[in-house]
Amino acid sequence: MRGSVSIVALMLLAASAGACGPRAQQDPASPQPTAASGVEPGVEAPGDVPSQAEDQPDKVDTATAKTTDGDDAKKHVSPKKSEAIARVLAAKPGDSTSLGAPNNGDLKGGIALPATGPGYLANPKKDPDSRYGTVELVQAIVRAAEVVEREYPGGELLVGDLSRPEGGVIKGHGSHQAGRDVDVLFYLLDSEGKPMRSVAAPLDPAGEGTDYKDLADPSDDVPVKIDVPRTWKFIEALLAQEQVYVQRLFLVEHLRSMLIDHATKSGAPKPIIARFADLTCQPGFPHDDHLHIRLFCSPEDISAGCRDMKPIYPWHQELLKAAGVKAKLASGKRRKGIKLTSTKEARAKAGPMHQDVVDFLDRREAWVRKPHPGRKYCR
Ligand SMILES: [Zn+2]
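Bear in mind the structure is a predicted one, so any value in this text is a computation, not a measurement.

Enquirer: Go over the packing of aromatic side chains with me, naming the residues and quoting the values.
Expert: Within this structure, the stated rule accounts for eight aromatic pairs. Taken together, a centroid distance of 5.3 Å and an interplanar angle of 90° make the contact between Trp 232 and Phe 276 edge-to-face. Remark: Phe 276 occurs in helix α8 (residues 270-279) and Trp 232 occurs in helix α6 (residues 228-240); sequence separation between them is 44 residues. Neither Trp 232 nor Phe 276 differs from the other in exposure class; each is buried. Geometrically, the ring pair formed by Trp 315 and Tyr 377 is edge-to-face, given 5.9 Å between the ring centres and 85° between the ring planes. Separated by 62 residues along the polypeptide, Trp 315 in helix α10 (residues 314-323) and Tyr 377 in the segment after α12 (355-368) bring together distant segments of the chain.

Enquirer: Can you lay out the state of the cysteines for me, pointing to particular residues and giving the numbers?
Expert: Note on terminology: disulfide describes a covalent bond linking the sulfur atoms of two cysteines. With the rule as written, the count across this model stands at two disulfides. Across the disulfide from Cys 281 sits Cys 378; the S-S distance is 1.8 Å. Looking along the S-S bond of the Cys 281-Cys 378 disulfide, the torsion reads about -90°, which is the left-handed sense. In this pair, Cys 281 sits in strand β14 (residues 280-281) while Cys 378 sits in the segment after α12, placing the two residues 97 residues apart along the sequence. In this structure, Cys 281 and Cys 378 share a single accessibility class: buried. Disulfide pairing places Cys 297 opposite Cys 306 at an S-S distance of 2.1 Å. With the S-S dihedral at roughly -85°, the linkage between Cys 297 and Cys 306 falls on the left-handed side. In the chain, the bonded cysteines, taken in the order they occur along the sequence, pair up as 1-4, 2-3.

Cut-offs and rules
Residues numbered from 1 in each chain as written. Predicted model: local features only at pLDDT ≥ 70, side-chain atom pairs only at ≥ 80, totals over all residues. Heavy atoms only, no water. Phe/Tyr/Trp six-rings, centres within 6.5 Å; stacked < 30°, edge-to-face > 60°. Helix = DSSP H or I, 4+ residues; strand = E, 2+ residues; numbered from the N terminus. Buried < 20%, exposed > 50% of the residue type's maximum accessible area, 1.4 Å probe, protein only. Disulfide = S-S within 2.5 Å.

Spelled out as structure tokens, the structure:
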């Protein structure tokens, strides 16, 4: 076990600073090797990342695979909405205020994501005090997960860290300080194509990965694959919500392509596909084991001191204009107190790994720092 945690760390850490998810994963959400996702959006991550190689032998073509098994799913009855969920949905956006920037900010009046709700589970291995966000963010997660549950029952979104109750520095992340960031794991399928409890396994260009668990022990490895239809549906449901202004989706390039491909082939709304395409970037380190979602400051919060990072897209500028406010950009300074761990340190802590893990990490190098192919909103 030891090993697994460390490995994760290792990759993640590398990411460092802005990191979002990865660290998250360090926590044992799922003990596996995770990747270095962490770089924060606004912040370039320092460290280097583990290396790896190229495409691997894909066993399955996930891009087009129809994986959701609706049959089983239909039997699955959606849990009745709990009181906690009802309270979340009854909250008013004005109840919470995001202050400052994602990597140097605070949260006032934030609400907690309930431990569970229709179609989702807050990662039980994480600190419940890291489940706070603005009303807008928490509602957005609950609503999007519920859409997936309704349309493709049987899966479950595993939600990682949001922010601390009052925001500020949060362990394992460079951002997630102002209640507008959340990490969610991809919906996953097991080797039989059935939905499974998600783990933070880095996924390769075929959308496949392994939950290595004990990194030194090959006998406990479990192959996993991204559940593209559910993962896309969640994103589509998120982007379809009015009043939810997504600023960024941090995601590794090859999973982005896979999702766009699926969305296009399955006839998803074109404006949503286009929006997704614009919002997604791979930060300094790949988000290949989770998706990091960041919301813009709401127009009301801007007046109270909420600060955004670039880019402020043209459509968002128009929206703000209509609301009579202008976006205000963060200074770019990260709050002190964010601890970064180098890849080297992480590696040192990882302990023994069996050969497949080493090989995967080597392969992973191929997508670790891949530049964005000419996309206008990514650096
Ligand atoms: Zn994150």
